[in-house]
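Here is how the chains run, residue by residue.
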Amino acid sequence: MKRALFWALFAAAYYLAAMYRSQPLMAFCLGMLLLAVASFVQSRLLRKGLSVTFPHGLQTVVLGDPQRFSVQIANACPFGAGHCSLTIRAAYAGQAGPGDTIRLKGMAEPGEKQLYFSLSAPYCGLLLFRLDRLAVWDGLSLFCAKKALAAEAEAAVLPPWESLSITLPCPAEDANLFMPEQTGAPLSEEPYEIRQLREYRMGDRDRFIHWNLSARTDGLWMKEFEGQRDRSLAILLVWEEETLPLVQQSSFFRLFSALLYGLLQIVPRLSVFWREEEGRPVWDEATDEDGCRRLLVKLYRLAARGNLPRYLPAPEERQDAFLLDTGLGLYWGERLLHRFSPDELEQEIREKRFLL
């Protein structure tokens, strides 16, 4: 619109200057031409001096909540300010299709600034952002210069904090599963020697809060018993398909996250096993919330690559271990505990109780 008005004014002034042989109007037309040339040069200089990047590498966001992301614009051009428009592509890793298109507009002023945009992530997984194109206008918006961009960023869309309710047996010979609260001692008694005190972590049971110390400080402190760090459980992950559809992948990781947090309430360490390309066995550990997040991101990248090996562990591998398959089947050893429904997953995670 501004460009059309500018050239319409120039045409009218030039017509009147030619008709009435007006020197002031001719000078006015010449000034407009010089201004147009300066605007053209400014748009090219802005394109050359403008750089756009993502200020963060990997961000972690929570499923479903509107999240705020940003891009950073640095203008090294000394010849005034202009306007810019950005095109950003957002898609899940491994997703078929172009994904969502985000367009941002802002001032291209000298120095650095950030442009913000909001996006709701509907699925768990690895969300990829790619700067696609930058368009720059001069200060009068007469000329536009464009260039392609190549900056990328990632956001790990994590499940909300949920916890499966699981109660383990108390086998007399299995030290890995033996918990202080399973001895049948009264709540006021401590059957094991306290090893150390540590700060409260999300998912810790209220029973092991050191109330006296917590009352004297500003935070919650937990009692950790002698030998408690030696206990662990194993989780086997089984891929039933080489490539997981986005909805199925999201449900699987949400259930896996709830399983991790549920088990970390009763044991301090989890060992997770799975198979990668060509059936190569891989394992990792999780001991706290940060470890769970790191493990989820690692599995996000694996699922995005595809070519997941279909492998069913032997009965001896499954003994005294949990098994979770991508069909949302949860097993304890050979026994199927429950096959979850993707449509009712949130409710089932909240309401199901598993007594082994």
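Now for a description of the structure that goes with this document. Keep in mind it's a predicted model, so treat the numbers as computed, not measured.

**Structural notes on the packing of aromatic side chains**
- For the structure on display, the rule yields 17 aromatic pairs.
- Where Phe69 meets Phe129, the ring centres are 4.8 Å apart and the plane angle is 50°; that geometry is what we call tilted. One end of the pair, Phe69, is in strand β3 (residues 66–75); the other, Phe129, is in strand β7 (residues 125–137), with 60 residues separating them in the sequence.
- Ring plane angle 65° and centroid distance 5.7 Å describe the contact between Trp239 and Phe252, whose orientation is recorded as edge-to-face. Here Trp239, found in the loop between β13 (232–238) and α4 (246–263), pairs with Phe252, found in helix α4; they are 13 residues apart in sequence, far enough to count as distant.
- The class of Trp239 is buried, set by a relative accessible area of 2%.
- For Phe252, a relative accessible area of 0% translates into the label buried.
- Site record: aromatic cluster; members linked through ring pairs are Trp239, Phe252, Phe253, Phe256 and Tyr300.
- Arg318 extends its terminal NZ or CZ atom over the ring of Tyr331, reaching a point 5.0 Å from the ring centre.

**Looking at empty space enclosed by the protein**
- This model, assessed by the stated rule, comprises two cavities of 30 Å³ or more.
- Here the second largest cavity defines a volume of roughly 40 Å³.
- As for the second largest cavity, its lining consists of Phe54, Pro55, His56, Gln59, Phe69, Ser70, Phe117, Phe129 and Ala153.
- Taken together, the residues of the lining of the second largest cavity break down into six nonpolar, three polar and no charged.

**Topic: the sheet that holds strand β16 (residues 322–325)**
- Strand order in the open sheet formed by six strands is β15-β14-β13-β16-β17-β18, and the pairing between neighbours is mixed. Looking along the sheet, the strands with just one partner apiece sit at the ends: β15 (281–286) and β18 (335–339). Ignoring strand direction, the axes of neighbouring strands in this sheet form an average angle of 25°.
- One ladder, built from six bridges, connects strand β14 (residues 269–275) with β15; its direction is antiparallel. Note on β15: the bridge partner recorded for Val272 is Asp284.
- Relative to the sheet, α4 contacts β13, β14, β16 and β17 (329–332), its axis offset from that of β13 by approximately 170°.

Calculation criteria
Residues numbered from 1 in each chain as written. Predicted model: local features only at pLDDT ≥ 70, side-chain atom pairs only at ≥ 80, totals over all residues. Heavy atoms only, no water. Phe/Tyr/Trp six-rings, centres within 6.5 Å; stacked < 30°, edge-to-face > 60°. Helix = DSSP H or I, 4+ residues; strand = E, 2+ residues; numbered from the N terminus. Buried < 20%, exposed > 50% of the residue type's maximum accessible area, 1.4 Å probe, protein only. Lys NZ or Arg CZ within 6 Å of the ring centre and 35° of its normal. 1 Å grid on protein atoms, 1.4 Å probe; cavity = no way out; pocket = protein on both sides within 12 Å on 5 of 7 lines; lining within 4 Å. Points joined across faces, edges and corners; volume = space filled by probe spheres on them. Nonpolar A, V, L, I, M, F, W, Y, C, P; charged D, E, K, R; others polar. Pairing = 2+ DSSP bridges. Axes fitted to C-alpha atoms, helices over the stretch in contact; angles between N-to-C directions. Contact = heavy atoms within 4.5 Å.

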